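# Survey of secondary and tertiary structure
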Amino acid sequence: MWSLPGCLIVAVAVLLPWLTRWPATTPKLADAIRETPIFVADVGLLLMLAAWILGRDAWLGAFVAWMALSVLWHPQISAYETGLLCALGAMALVLLRRLTPGQVRWTVRGLLIGGGLEVAYSVVNALGYDLFWQGGAVTPPPHAMGTLGNSNYLAAYLAMTVALVPLTWLPVWGLGLVMTKSLMGMLAATVALLVRFRAHWIPVACTGTVGALLIMGLRDNWPDTVAARWEMWRLALHDLSLWTLWVGHGPGAWLERIPDVQMRVGFYPGGIFAWAHSDWLQLLYEGGLIGCALLIGWLVSHRGMWMGPFGGCLAALAVNALGNFPFHVGVTALTAVVLIGMALNQEDTHAALSG
């Protein structure tokens, strides 16, 4: 019996000889004969993977298929790389749903041990030592970065996992978050704990407010950072036409287009915005309203995963993605995939028990 993934790749193979002169990759027909078939075959393979995912998670498969098709109107290496990572991340979610309860427990322990070690590493750095990378005394960094190399990355990592931390470990995560001086990280962590401790939201909110005020006092340039983000987002939205508002500029297009936008208007608040500093906005810019709608449809279809023990992790991730780019950094992106996969796993377990 034919399967949808098999049918798709066979159809691409049959059509491929008749697409050799399609100037999708280059206006030079002599080069297109060589480059376009590879490009179309790559997109076809992404669609095959999307079809495989579609059979296991309809909304997720549709989202991957849209991102794969979007590569067609942005035929760049960055577009294919982005589409491929979306597909592989979605495949990882399908596979992580199969974890056993014991594997879930060990995964959580591994993440918590890693988070605790990151805070300890940051404390040692603050004391003027870096025994892991530089082998001796160093100038203490202005913000805690751990091994991730950026305070915002570390803050996102800690915020995503704080909802899983035992009560006795919470001060360790609080110390790490304050040391990063990341307002977005503190906000995300506070929301995560509000989800976890719904019945005790007042002390959680007060503690989060104190932490945010402390960070604002330690990092006095935060208003400039917020203003720069708002202005960059305004410029990006202005770069969307009616058509691209719906379909997007294509995966990876932000890095291809936004530096030119900044150059055109002379806006350089500390450098080039290689990422949107908002994964939600970047999805709109690259995948359009259609891509956003498919992702929202997937989130709604799996709303049960927000109610389980990983709901706080998802809340922190969603908040951090508003003003940062956790899905565009290797460490935080893969950690996010693991946490989402375990949330889906728990949703399936709860559905099976209740059914």
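Residues numbered from 1 in each chain as written. Predicted model: local features only at pLDDT ≥ 70, side-chain atom pairs only at ≥ 80, totals over all residues. Heavy atoms only, no water.

Moving on, we come to the pattern of salt bridges. Counting across every chain of the model gives four salt bridges. Residue Glu 35 is joined to Arg 34 by a salt bridge in which the shortest nitrogen-to-oxygen separation is 3.4 Å. Note that Asp 57 is salt-bridged to Arg 97, the shortest N-O span being 3.4 Å. Here Asp 57, found in the loop between α2 (29–54) and α3 (58–70), pairs with Arg 97, found in the loop between α4 (77–96) and α5 (101–126); they are 40 residues apart in sequence, far enough to count as distant. (Salt bridge = Lys/Arg side-chain N within 4 Å of Asp/Glu carboxyl O. Helix = DSSP H or I, 4+ residues; strand = E, 2+ residues; numbered from the N terminus.)

A separate point is the side chain of Ser 122. With respect to the helices, strands and loops of the structure, Ser 122 is situated in helix α5. Residue Ser 122 is classed as buried on the basis of its relative accessible area, which comes to 3%. Setting aside residues up to four positions removed in sequence, Ser 122 forms contacts with Ala 144, Met 145, Gly 146, Leu 154 and Met 179. (Buried < 20%, exposed > 50% of the residue type's maximum accessible area, 1.4 Å probe, protein only. Contact = heavy atoms within 4.5 Å.)

With that out of the way, let us pick up the environment of Ile 9. Summarising the element assignment, Ile 9 is placed in helix α1 (residues 4–15). Accessibility expressed as a relative area gives 25% for Ile 9, which makes it partly exposed. The contact partners of Ile 9, leaving out residues within four places of it in the chain, are Gly 44, Leu 45 and Met 48.

Evaluation of the coordinates by the stated rule reveals six aromatic pairs. Taking the centre distance of 5.9 Å and the plane angle of 80° together, the rings of Tyr 153 and Phe 325 count as edge-to-face. Note that Tyr 153 is positioned in helix α6 (residues 151–161) and Phe 325 in the loop between α14 (311–323) and α15 (330–354), a separation of 172 residues in sequence. The class of Tyr 153 is buried, set by a relative accessible area of 19%. Assessed through its relative accessible area of 6%, Phe 325 is described here as buried. Three or more aromatic residues joined by ring pairs form one cluster here, namely Tyr 153, Trp 275 and Phe 325. A cation over an aromatic ring shows up here: Arg 109 above the ring of Trp 106, its NZ or CZ 4.7 Å from the ring centre. (Phe/Tyr/Trp six-rings, centres within 6.5 Å; stacked < 30°, edge-to-face > 60°. Lys NZ or Arg CZ within 6 Å of the ring centre and 35° of its normal.)

When its volume is computed, the largest pocket comes out at roughly 1200 Å³. Among the secondary structure elements, those contributing two or more residues to the lining of the largest pocket are α3, α4, α12 (253–265), α13 (279–301), α14 and α15. Here the lining of the largest pocket gets 10 residues from one element, more than from any other, and that element is α4. By residue class, the composition of the lining of the largest pocket is 30 nonpolar, seven polar and three charged. Its volume calculated, the second largest pocket comes out at about 810 Å³. In terms of lining residues, the second largest pocket is bounded by 35 residues, among which Met 184, Thr 225, Val 226, Arg 229 and Gly 323 are the most central. When contributions to the lining of the second largest pocket are tallied by element, the ones reaching two or more residues are α6, α8 (183–196), α9 (201–218), α10 (222–238) and α14. Top element by residues in the lining of the second largest pocket is α10. It accounts for eight residues. Here the residues of the lining of the second largest pocket sort into 16 nonpolar, 15 polar and four charged. (1 Å grid on protein atoms, 1.4 Å probe; cavity = no way out; pocket = protein on both sides within 12 Å on 5 of 7 lines; lining within 4 Å. Points joined across faces, edges and corners; volume = space filled by probe spheres on them. Nonpolar A, V, L, I, M, F, W, Y, C, P; charged D, E, K, R; others polar.)

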